[in-house]
Amino acid sequence: MGCKYGIDFGTTNTSVSIRYLDSAANQAVTHCFLMRGVGSLLECLPSVVAFDSRGPLIVGQAAKEEKINRGDRVTFVSGIKPQLLKDASADENSEYVKYATAILRKVRETAEDQRILLPVEEIEGVVIGVPVGCGDSYKRLLRRILVQAGYYQDENEAKRKTEFVSEPIAVALHYGTKAQQAQTVFVFDFGGGTLDFTLMDISRVGDRMELEQDDVLSKGGLALGGDYLTKQFFIKVFLPKYGREQFEDDFEIPCYYSLDEIWDALLKTEAGYKLLEELEKCKMALSISRSWRVTLQNPYVDLEFNREEFEAAIEGELDRILGAVNKCLQESRVRPFRAEDVDVVLMAGGSSMIPAVQKLLIKRFGRKVKIAEQGEMITSIARGLATAGYNSTGRPRFRDIADCAYGVWDDATDQVEIIIPANTLIEETRIDRFTRAGKFQSFRTLDSMPTFIRLKIYEVPAEGSPRFLGNIECRLNGQNKFDVFLSLDDSNESGVLSVDVFDKIRRKFMDEIPQNQRLFEIDSTIS
């Protein structure tokens with residue numbers, strides 16, 4: 001039975017798992033490889049690199065230690081995944097592509113050293129997690145990085161053998177391996193850089209070999225992560241308590257810097273990096289303690305902070321989180337869901353350990369919230385991705401939905417006319433040309449005898465302005481009534497929006513529009 005590496009390439013940590021058949025026990029087992037992390041994070045490799053002008057890239061915990069020991073003599077880089085998401089068109093020579101390659105190469109080498117001890121003869125590919133709403137360009141970039149990191153011989157092999165799964169869906173898949181009955185689950189995945197949700201019906205039960213398909217009912221999230229909460233804690237609590245002028249003198253920060261510029265400058269100095277490490281420790285410590293002291297020797301820092309101060313600093317973000325959770329429940333493709341309709345709430349990601357976040361969900365959902373141990377909470381994505389790669393049926397493991405809405409610009413209303421709403425089941429967007437079933441909208445031109453129109457195709461994300469995808473030019477030859485059909489590709493290889501135009505006067509699809517002019521690579525689709 002085939003199995004694939006499940007890789008969670010995260011903003012803060014990276015982990016890799018595999019699910020395989022244990023013949024002796026006659027059941028499937030999920031194994032998360034040790035990555036030589038610290039404390040309860042032994043299965044995680046920090047997603048950071050360090051280097052100087054002479055040596056090679058140093059990765060993970062060793063990079064953190066190098067920064068602490070050698071200070072300003074080394075360059076330290078974090079936030080690699082957010083940078084790749086921001087600039088997914090980067091080529092192989094991009095610095096951040098090189099950093100990501102080094103991290104994924106390290107986890108591959110570490111996993112392969114340990115895999116020889118497992119009854120697994122061959123790895124058939126990779127299932128890698130992606131945030132809700134990520135674009136196809138980011139997926140193509142990840143495939144190139146996997147090739148450079150040694151998982152594949154070339155990009156053709158990577159295209160055949162790589163699958164992409166939304167990170168919160170992976171959490172639900174992992175939970176499904178232990179569930180004893182069908183359930184509706186809400187996943188709350190709060191990592192260092194992103195916050196993603198999904199509402200799913202879990203059909204699979206325990207270690208059954210023939211898995212049922214799970215149904216994705218809704219997806220959502222915010223451009224918000226634990227790193228941003230640390231920043232808010234620094235700006236709203238630490239800096240006022242320390243004194244801004246004193247801080248600028250002690251940490252050699254120009255007095256004309258804005259608060260955002262001060263934060264960005266901290267990573268560039270030895271003292272600033274050590275302070276950020278201490279603030280991160282403080283944030284984590286306040287998850288289990290009521291108070292914590294932040295201490296440094298040079299410059300001298302000795303300040304005590306309590307949980308209430310931290311929670312006050314992130315109060316606005318907590319309100320945003322609650323609003324996004326409610327929106328995800330309301331926008332289910334089946335019907336609006338209430339808290340009592342959800343059987344269990346699964347928390348994943350390191351930032352889910354924050355007590356204020358847990359209290360928010362417990363207040364919203366009651367005792368249905370499952371709070372796992374820290375190690376399990378942080379590696380549940382990788383374990384679920386490995387579960388996605390372990391499949392004996394050849395069928396998709398779940399039925400996915402559209403992350404965004406798609407439509408056509410309507411000049412009459414001066415807005416996008418939605419044809420595929422967000423959270424639409426992907427398979428429901430397929431076009432049946434015989435019956436004309438599918439997702440479409442009827443249009444009529446103001447000109448009664450038009451000869452030409454230009455259709456403007458848009459993607460409409462949950463947050464932000466509509467994104468223009470491209471134009472389709474149609475010759476109408478006098479007919480002024482037509483239907484515009486949109487459909488989504490449900491393969492894991494590409495995100496493609498297909499546009500078809502039906503001439504309602506001549507009663508035929510306008511196949512004279514070249515196929516390559518009717519396909520658009522989209523920025524947010526199957527994931």
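Even after reading the chapter, I still don't get the confidence of the model for the protein chain, so can you show me in this structure?
Interpreting fine coordinate detail is not advised for predicted regions of low pLDDT. Residues with a pLDDT of 70 or more make up 90% of the protein chain, whose mean pLDDT is 85. Strand β26 (residues 519-521) is the least confidently modelled element of the protein chain, averaging 61 in pLDDT, while strand β1 (residues 5-9) averages 96, the highest of any element. Within the model, the stretch residues 205-211 combines pLDDT values under 50 with 23 contacts to residues more than four positions away or in other chains. Throughout residues 523-527 the model reports pLDDT below 50, and contacts reaching past four residues in sequence, or to other chains, amount to 36 contacts.

Explanation requested: the nonpolar core in the structure shown.
Inside soluble globular proteins, nonpolar side chains tend to come together where they are buried. Judged by nonpolar contacts, the single largest core of 58 residues is most densely connected at F186, F188, F234, F238, F247, I321 and F365. Beyond its immediate chain neighbours, meaning those up to four positions away, F247 contacts F234, F238, L239, Y242, E252, I253, I262, L266 and L275. Counting residues in each nonpolar core, the second largest holds 42 residues, with L45, I123, I145 and A158 among its members.

Explain the side chain of E317 to me, please; I cannot follow it from the model alone.
Summarising the element assignment, E317 is placed in helix α12 (residues 315-330). Buried charge without a salt bridge: E317, with K236 as the nearest opposite-charge side chain at an N-O distance of 4.5 Å. If we skip the residues at most four places from it in the chain, E317 touches L224, Y228, L229 and Q232.

Help me out: how do you make sense of the side chain of T30 in this one?
Mapped onto the elements of the fold, T30 is located in strand β3 (residues 27-32). A distance of 2.7 Å separates a polar atom in the side chain of T30 from a polar atom in the side chain of R19. Contact partners of T30, with chain neighbours within four places excluded, come to S17, I18, R19, R383 and T387.

Just checking my understanding: could you explain the pairing of β3 for this structure?
Looking down a regular strand, the side chains alternate between one sheet face and the other. Taking every second residue as pointing to the same face, the buried face of β3 carries A28, T30 and C32, while none of Q27, V29 and H31 on the other face is buried. Where strand β2 (residues 13-22) meets β3, 6 bridges bridge the pair, whose relative direction is antiparallel. Following the sheet pairing, R19 is matched in β3 by T30. Where β2 folds back on β3, the antiparallel hairpin that results is connected by 4 residues, among which N26 adopts a positive phi of roughly 55°.

Procedures and definitions
- Residues numbered from 1 in each chain as written.
- Predicted model: local features only at pLDDT ≥ 70, side-chain atom pairs only at ≥ 80, totals over all residues.
- Heavy atoms only, no water.
- pLDDT = per-residue confidence, 0-100.
- Helix = DSSP H or I, 4+ residues; strand = E, 2+ residues; numbered from the N terminus.
- Contact = heavy atoms within 4.5 Å.
- Core = buried A, V, L, I, M, F, W, Y, C linked by side-chain atoms within 4.5 Å.
- Buried < 20%, exposed > 50% of the residue type's maximum accessible area, 1.4 Å probe, protein only.
- Lys, Arg positive; Asp, Glu negative; His and termini not counted.
- Salt bridge = Lys/Arg side-chain N within 4 Å of Asp/Glu carboxyl O.
- Polar contact = N/O pair within 3.5 Å; in protein donor to acceptor, adjacent residues only side chain to side chain.
- Pairing = 2+ DSSP bridges.

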